[in-house]
Amino acid sequence: VRRDAAEGAPLPPPRRHDFARLATALLLILAAAVLLERSGRLLVRGTTLDAQDEARWLGWAWRRPDLADLFTRIDRRLAPGEPVVLLVPVNGWPDEFWVAVMARYHLAGHAVLEVRRGRLAGPAPPGTAVVRILSDGRIRIRRPGESR
Amino acid sequence: VSGSADLPLLVGGVLVALGVGLAIGAGPRGREGAAAGPVAELTLAFALGAQALVLGLLALGLLGIPWTPGLLTGVGTAAWFIVIRRRRPGVGGVRTVRPVVETRAGALVWAGRIVLCGALALFLWKLAAAPLWSWDHYAMWGVKARRMITAGQLDLGFLAAREFAGARPDLPLGVPVLWRLLSLATIPGLWTFEATHALLACGLVAVVRAGVRRVGGAPAAAETLAALLVLSPLYWDTVGVGLADLPLAFWAACGLLLGLQSLEDTGGAAGRAGCLLGFLPWIKDEGLPLAAVLVLVLVLLGRGRGDTARRTLSIAGPALGLAGLAVAYGQWVLPSGYSFFGGDWRGRVVARLPELSGVLRHLGGILLDPAWLGLWPLVLLTLVAAVALRRRTPALLAGAVCAQLAVYLGVIVVAFPPPGEHLDASAVRFASVLVPLGVLAIGALLGSGGTSPLGRTRVTIPGRGCRERRETAGIESTASLQVSEL
């Protein structure tokens, strides 16, 4: 009888190996079937976003595929560390809260003081850049005190 | 920032972390030899190095010392210089070598490898194709990584601003600093978050494969269970990209693997395992109970193997120390955020006790979703079978999963968000962190580790000063033993 040298206990009987092999084979068949099914779906659709949390959260986050590009363009036109007030079009854009979250993420080097739809309610604070995103994706930046 | 611009930074960041890990004694040339295989050992070295650098950067931040690409490059260069110059003859002139165990890989092993490679390829494909990320990335984890440095200095002042109140300023900073480290202190771009996720995911596969073998699983079981891990929501649900759940699972698995190695090794593996587990509270709040549970598992597994007190101290000491520092950092350095336990939590518990069965059903509904591939019932079955068969390793590992789920359930009942909404918002990600642990439990049950906690044979070769270990678990009886480096 083979024995474990450290503890002196008998090594497991071959029957356990048979069970382990069978269980492993069943798990492998399961994994292979899932792999094939998901591969097929990815091939057909390009991507699949139907996992539990994907279905729940990605709809919130991914509302505008052009967002990263847009904020990169804005960032290039701002002075380092320049505070920003952001104006987005009244129509065709998600709520201000969402835009503010995204702006604070993408404009990492700037303080995003305010996000509004349409126009500013009053004068912008001194030293800020008022960034207006137009509905066609163009950007206009105005600084208080600058001539129009 | 485009991926092509981020790639050299990421390669540099990984090399710096790896160099530091190897310099502090981890990796294939460490005292234990390539005990878990070269890829897993390099992964452990990366984990230790990255962790040391993250904690070092946070300490530098407290001292007002700037984080710069030059500083990190210098540290990495020095570390690699030490690694290359170092000669490691072994401990006290005794060289610990890893015997080559020749096994003929059967059809099941090859099938497992093919499925694992396919699952990894599919995961990477989806990762590249999926639009990212979730609310938590933009509002919490990602925004911290991108804003935490001002003019080279760690500046967490923005977290106190009203507009960042939703960023949970009190959450640990380990992962944001890790992203910053892997982009060599520059602002991490979209590609860096994805690539870091892929890197940790691949490392976790190597660690779990090694872990299944370490707990006595056969090679085919290791490949198969690793494939199931990759197909689980931890990988497949891309909402986790840019969040801290995969890093938490990665560090927990690394700590567990090194802790399991330490049960047989006399080197510094126990201390390093404790360090890895002590890093968990620096990643996420739930890392604290997870670290406590895993330390307890390792201590219980080590009972009866001799020198229990020393091993317990070696693992629990660094783990407790680093966890305590994480709590202190959160208490005194980070701005306070809203607490889940704020308000009349006792009143909430009393009011919710009658709803407990409903909460359990809700959680059960989430965990029994087909996306989990039946993993949780299998873990529960593993626990029952292991207890019935008196198999200590699978019982403790599956028990650890249940204990951590119980902690989560407790938080759900006590915290102020309504339990249903709270479960919907976090249960998948919370449970996904426990998948590697569940997989290891199943691997331990399938393995032949019933006779000893790890199912291994210790062989001493007299007169040569070499201690050998031969794996018996899962190896066919035709296996032959060759000793190299004698």
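Being a predicted model, the structure only gives us computed values, none of them experimental.

Looking only at helices and strands, chain A has four helices and four strands in total. Taken from the N to the C terminus, the helices and strands of chain A come in the order α-α-α-β-α-β-β-β. Looking at chain A residue by residue over its 148 residues, the buried ones come to 42%. Contacts in chain A between residues at least 24 apart in sequence constitute 63% of all its contacts with a sequence separation of at least 6. For chain A, the accessible area works out to roughly 8,300 Å², and carbon and sulfur atoms hold 56% of it.

A word on the side chain of Lys-144 of chain B. Residues and elements named next belong to chain B. Tracing the chain through its elements places Lys-144 in helix 5 (residues 135-147). For the buried Lys-144, no salt bridge exists, and the shortest N-O distance to an oppositely charged side chain is 6.1 Å, to Asp-170. Leaving out residues up to four positions away in the same chain, Lys-144 has contacts with Phe-158, Leu-159, Ala-167, Arg-168, Pro-169, Leu-171, Leu-173 and Pro-176.

Before going further, it helps to examine the packing of aromatic side chains. Residues and elements named next belong to chain B. What the rule picks out here adds up to eleven aromatic pairs over all chains. Ring centres of Trp-282 and Tyr-329 lie 5.5 Å apart, and the angle between their planes is 55°; on these two criteria the pair is classed as tilted. Here Tyr-329 lies in helix 14 (residues 308-332) and Trp-282 lies in helix 12 (residues 280-283), a separation of 47 residues in the sequence. An identical accessibility class is assigned to Trp-282 and Tyr-329; each is buried.

Moving on to the interface of chain B and chain A. Between chain B and chain A, the residue contacts involve 65 residues of the former and 52 residues of the latter. The contact between chain B and chain A buries some 5,100 Å² in all, and 67% of this surface belongs to carbon and sulfur atoms. The residue Asp-53 of chain A makes a salt bridge to Arg-429 of chain B at a minimum N-O spacing of 4.0 Å. The tally of links between chain B and chain A comes to 15 residue pairs in polar contact (both at pLDDT 80 or more). Of all the secondary-structure elements, those providing two or more residues to the side of chain B that touches chain A are helix 4 (107-129), helix 5, helix 7 (190-214), helix 8 (219-231), helix 19 (419-433), helix 20 (435-446) and strand 4 (456-461) of chain B.

Let's shift gears to the confidence of the model for chain B. Residue and element names in this part refer to chain B. Averaged over all residues, the pLDDT of chain B is 85; the fraction at 70 or higher stands at 85%. The weakest mean pLDDT in chain B belongs to strand 6 (residues 480-482) at 36; the strongest belongs to helix 12 at 98. A low-confidence stretch, residues 450-486 (pLDDT under 50), is modelled with 103 contacts involving residues beyond four sequence positions or located in other chains. Confidence estimates for the predicted assembly give a pTM of 0.87 and an ipTM of 0.83.

On average, residues of chain A carry a pLDDT of 84, and 88% of them reach 70 or more. Every residue in residues 1-8 of chain A scores below 50 in pLDDT, and together they form 19 contacts with partners more than four places removed in sequence or on other chains.

On to the pattern of salt bridges. Residues and elements named next belong to chain A. Counted according to the given criterion, the structure contains 18 salt bridges over all chains. Where Arg-138 meets Asp-136, a salt bridge forms, and the shortest distance between an N and an O atom there is 2.7 Å. Note on Arg-138: relative accessible area 45%, which makes it partly exposed. Overall, the relative accessible area of 51% leaves Asp-136 in the exposed class.

A cluster of nonpolar residues, Leu-62, Leu-63, Ile-65, Trp-332 and Val-333 of chain B, forms a patch on the protein surface that exposes about 560 Å² of accessible area. Along the chain, Leu-62 of chain B falls in helix 2 (residues 38-63).

The subject of this paragraph is the pairing of strand 4 (residues 139-142) of chain A. Residue and element names in this part refer to chain A. Alternating positions in strand 4 separate cleanly, Ile-139 and Ile-141 being buried on one face and Arg-140 and Arg-142 remaining unburied on the opposite face. Where strand 3 (residues 129-133) and strand 4 come together, four bridges link them in antiparallel fashion. Residue pairing in the sheet places Ile-133 in a bridge with Ile-139 of strand 4. Linkage of strand 3 to strand 4, two consecutive antiparallel strands, is achieved through a turn of five residues, within which Gly-137 is found at a positive phi near 95°.

This paragraph deals with the packing of helix 15 (residues 345-352) of chain B against helix 18 (residues 392-414) of chain B. Residues and elements named next belong to chain B. It is at 8 Å that the axes of helix 15 and helix 18 come closest, and there the two elements cross at 105°. One way to sum up the angle between helix 15 and helix 18 is to call them roughly perpendicular. Every residue of helix 18 that contacts helix 15 at Trp-345, Arg-348, Val-349 and Arg-352 is listed here: Ile-412, Val-413 and Val-414. Partitioning the contact of helix 15 with helix 18 into residue classes produces five nonpolar, no polar and two charged.

Once that is clear, we can look at the sheet that holds strand 3 of chain A. Residue and element names in this part refer to chain A. One open sheet accounts for four strands, arranged 2-1-3-4; its pairing is mixed. Each having just a single partner strand, strand 2 (112-117) and strand 4 make up the two edges of the open sheet. When the angles between neighbouring strand axes are averaged without regard to direction, this sheet yields 20°. Across five bridges, strand 1 (residues 84-88) lies against strand 2 in parallel orientation. Bridge pairing in strand 2 links Leu-86 to Val-115. Packing against the sheet, helix 4 (residues 96-106) makes contact with strand 1 and strand 2, and its axis sits at approximately 145° to strand 2.

It is worth spelling out the nonpolar core at this point. Core analysis: the largest hydrophobic core is formed by 194 residues, its most contacted members being Ile-74 of chain A together with Leu-204, Tyr-235, Trp-251, Leu-280 and Trp-376 of chain B. Aside from chain neighbours lying at most four places away, what touches Leu-204 of chain B is Leu-229, Leu-234, Tyr-235, Leu-246, Ala-249, Phe-250, Ala-253 and Pro-436 of chain B.

How each quantity is defined
- Residues numbered from 1 in each chain as written.
- Chains lettered and ligands numbered in written order.
- Predicted model: local features only at pLDDT ≥ 70, side-chain atom pairs only at ≥ 80, totals over all residues.
- Heavy atoms only, no water.
- Helix = DSSP H or I, 4+ residues; strand = E, 2+ residues; numbered from the N terminus.
- Buried < 20%, exposed > 50% of the residue type's maximum accessible area, 1.4 Å probe, protein only.
- Contact = heavy atoms within 4.5 Å.
- Areas by Shrake-Rupley, 256 points an atom, 1.4 Å probe, with all protein chains shown as cover.
- Lys, Arg positive; Asp, Glu negative; His and termini not counted.
- Salt bridge = Lys/Arg side-chain N within 4 Å of Asp/Glu carboxyl O.
- Phe/Tyr/Trp six-rings, centres within 6.5 Å; stacked < 30°, edge-to-face > 60°.
- Buried area = accessible area lost by both parts, 1.4 Å probe.
- Polar contact = N/O pair within 3.5 Å; in protein donor to acceptor, adjacent residues only side chain to side chain.
- pLDDT = per-residue confidence, 0-100.
- Patch = residues over 30% accessible without salt bridge, like charges linked within 9 Å, V, L, I, M, F, W, Y side chains within 5 Å.
- Pairing = 2+ DSSP bridges.
- Axes fitted to C-alpha atoms, helices over the stretch in contact; angles between N-to-C directions.
- Parallel < 35°, antiparallel > 145°, perpendicular 65-115°, else oblique.
- Nonpolar A, V, L, I, M, F, W, Y, C, P; charged D, E, K, R; others polar.
- Core = buried A, V, L, I, M, F, W, Y, C linked by side-chain atoms within 4.5 Å.

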